[in-house]
Amino acid sequence: MMKNDWIIDVLMDLKAFSARNRLSHLAEQLDDTILVATTELASPVRSKRHMMGEHEQTGRHAGRAFTGDNA
């Protein structure tokens with residue numbers, strides 16, 4: 001078992017929650033996400049992001065400061 005297999009368990013829990021709560025599109029998307037995660041975790045080749053640096057910020061919230069009560 002790989003040290004990062006826990007993420008598959010989390011994704012499977014989210015999929016089960018989605019199915020129980022009639023969130024069928026989300027459950028289907030999580031099927032794809034589980035497949036991608038399983039494939040990437042099993043891959044011996046390191047991802048481009050990992051080679052560039054694990055702490056690279058990406059996405060719509062990258063570099064933004066937190067505001068409000070939780071800041």
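Anything mentioned here points back to the structure above.
Quick summary incoming for the structure in this document.

Rules of the game
- Residues numbered from 1 in each chain as written.
- Predicted model: local features only at pLDDT ≥ 70, side-chain atom pairs only at ≥ 80, totals over all residues.
- Heavy atoms only, no water.
- Helix = DSSP H or I, 4+ residues; strand = E, 2+ residues; numbered from the N terminus.
- Buried < 20%, exposed > 50% of the residue type's maximum accessible area, 1.4 Å probe, protein only.
- Areas by Shrake-Rupley, 256 points an atom, 1.4 Å probe, with all protein chains shown as cover.
- Expected span 1.5 Å × (residues − 1).
- Arc of directions from axis to C-beta.
- Contact = heavy atoms within 4.5 Å.
- Patch = residues over 30% accessible without salt bridge, like charges linked within 9 Å, V, L, I, M, F, W, Y side chains within 5 Å.
- Salt bridge = Lys/Arg side-chain N within 4 Å of Asp/Glu carboxyl O.

Once that is clear, we can look at the overall build of the chain. A count of helical and extended segments in the chain gives three helices and zero strands. Scanning the chain from its N terminus toward the C terminus, one meets helices and strands in the order α-α-α. Considering the chain as a whole, with its 71 residues, one finds that 11% of them fall into the buried category. As presented, the chain carries roughly 6,600 Å² of accessible surface, and 56% of it is formed by carbon and sulfur atoms.

Its 19 residues give helix H2 (residues 24-42) an end-to-end C-alpha distance of 27 Å, which sits within 8% of 27 Å, the value for a rise of 1.5 Å per residue. Here H2 has its buried residues at Ala27, Leu30, Ile34 and Ala37. An end-on view of H2 places all buried positions within 75 degrees of arc, on one side of the element. Relative to its buried face, H2 has exposed residues pointing more than 90 degrees away, namely His25, Glu28, Leu35 and Glu40. In this structure, the buried residues of H2 make contact with helix H1 (6-20).

As a further point, take a nonpolar patch on the surface. Judged by side-chain polarity, Trp6, Val10 and Leu14 come together as a nonpolar surface patch covering roughly 290 Å² of accessible area. Checked against the element boundaries, Leu14 lands in helix H1.

This part covers the pattern of salt bridges. Evaluated as defined, the whole model comprises one salt bridge. We note a salt bridge from Asp31 to Lys15, for which the minimum N-O separation is 2.6 Å. Here Lys15 lies in helix H1 and Asp31 lies in helix H2, a separation of 16 residues in the sequence. Judged by relative accessible area, which is 36%, Asp31 ranks as partly exposed.

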